[in-house]
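Examining the three-dimensional arrangement
In case you want the letters, here they are:
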Amino acid sequence: SITSADAILVLRSAVRLITLGVIQQILGDVNEDGRINAGDAVLILRKAVGLIPKVVVGTWSSPKVAWGVPERTADGEVVMPLWLEGEIYGGDFVVRYDKEMGKPARIRTIGENAVWAMNTDTPGEFRFTVASMEPLRRVDLVLESGGEAAETGLWSLEETLVVDGSGRSIEVDLSSVKTGLSALPDRYVLLQNYPNPFNPETHI
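Procedures and definitions
- Residues numbered from 1 in each chain as written.
- Predicted model: local features only at pLDDT ≥ 70, side-chain atom pairs only at ≥ 80, totals over all residues.
- Heavy atoms only, no water.
- Helix = DSSP H or I, 4+ residues; strand = E, 2+ residues; numbered from the N terminus.
- Buried < 20%, exposed > 50% of the residue type's maximum accessible area, 1.4 Å probe, protein only.
- Phe/Tyr/Trp six-rings, centres within 6.5 Å; stacked < 30°, edge-to-face > 60°.
- Core = buried A, V, L, I, M, F, W, Y, C linked by side-chain atoms within 4.5 Å.
- Contact = heavy atoms within 4.5 Å.
- Pairing = 2+ DSSP bridges.
- Axes fitted to C-alpha atoms, helices over the stretch in contact; angles between N-to-C directions.

What follows is about unusual backbone geometry. Note that the residue after Asn196, namely Pro197, is joined by a cis bond; omega there is 5°. Between Asn199 and Pro200 the backbone carries a cis peptide bond, its omega angle lying at 5°. Relative to the helices and strands, Pro200 is located in the segment after strand S10 (169-170). The phi dihedral of Arg16 is positive, around 70°, even though this residue is not glycine. Examined against the element boundaries, Arg16 turns out to sit in the loop between helix H1 (4-14) and helix H2 (22-28). Given the relative accessible area of 59%, Arg16 is considered exposed.

Written out as structure tokens, the structure reads:
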């Protein structure tokens with residue numbers, strides 16, 4: 001049977017938390033691109049809930065990825081938002097960060113139809129992968145509570161693989177991804193508030 005558990009194994013393999021056996025590697029490469037990555041997990045999730053064999057129809061716009069402004073929560077954690085634009089259903093990412101900022105604690109996605117895995121074994125390097133049944137708009141990297149460096153340190157997106165709803169990898173221009181707090185807006189857009197409907201608060 002095909003379930004979300006299969007997608008989780010694929011994601012854990014993508015960030016090097018586990019090593020899949022030979023048969024698992026053959027079966028896990030669902031999109032047949034020769035690699036185990038978020039594209040395979042997206043297809044597995046969509047199959048598990050009956051969205052496949054329905055054909056994914058759409059004109060995939062050129063995806064964009066950009067850092068947002070870090071936010072400190074009431075309990076002292078720092079959230080580094082990564083904004084995704086376009087028909088991005090998942091991806092594999094490697095982030096380099098200032099070790100003084102604190103250790104990444106978890107990933108948070110908007111919506112309930114996504115699964116993710118992360119690996120923080122290497123200080124200053126954070127690997128994570130995410131797969132969703134709907135286009136992703138924002139992925140939050142949550143850091144354990146840290147001092148001033150948590151909000152003023154630098155981080156950079158070193159490697160990125162993003163996939164569309166059919167599990168195919170799509171190109172993203174990393175030159176447009178700013179590093180850390182040096183990111184200044186070069187355009188403005190009003191996005192849908194989330195969550196919607198909401199009670200008692202929403203984000204715009």
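Now that the structure is up, let's keep going.
Right, let's talk about the packing of aromatic side chains for a bit. Tallying each qualifying case throughout the model produces two aromatic pairs. A ring pair is formed by Phe93 and Phe128, whose centres lie 4.8 Å apart and whose planes are at 20°; its orientation type is stacked. In this pair, Phe93 sits in strand S4 (residues 90-97) while Phe128 sits in strand S7 (residues 125-132), placing the two residues 35 residues apart along the sequence. Each member of the pair, Phe93 as well as Phe128, carries the same accessibility label: buried.

Trp67, Leu82, Val95, Phe126, Phe128 and Leu141 are the most contacted members of the largest nonpolar core, which has 26 residues in total. At the level of secondary structure, the elements contributing two or more residues to this core comprise strand S1 (64-67), strand S3 (78-85), S4, strand S6 (114-119), S7, strand S8 (138-143) and strand S9 (155-163). For this core, the leading source of residues is S3, giving four residues. Those residues within four positions of Val95 in sequence are excluded, and the remaining contacts are Trp67, Gly124, Glu125, Phe126, Phe128, Leu141, Trp155, Ser156 and Leu157. Listed in part, the 18 residues of the second largest apolar core include Leu11, Leu20, Ala38 and Val115.

The buried count for helix H3 (residues 38-48) comes to nine of 11 residues, which makes it a mostly enclosed element. Its buried side turned inward, H3 meets H1, H2, S4, S6, S7 and S9. Immediately downstream of H3, the backbone of Gly50 shows phi near 85°, a positive value.

Read from one edge to the other, the open sheet built from five strands follows the order S6-S7-S4-S9-S10, with strand pairing classed as antiparallel. A strand with exactly one partner marks an edge of an open sheet, and here the two such strands are S6 and S10. Both S9 and S10 contribute to a ladder of two bridges, which runs antiparallel. The residue bridging Val163 from the neighbouring strand is Ser169, located in S10. Strands S4, S6, S7 and S9 of the sheet are contacted by H3, whose axis makes an angle of about 30° with S7.

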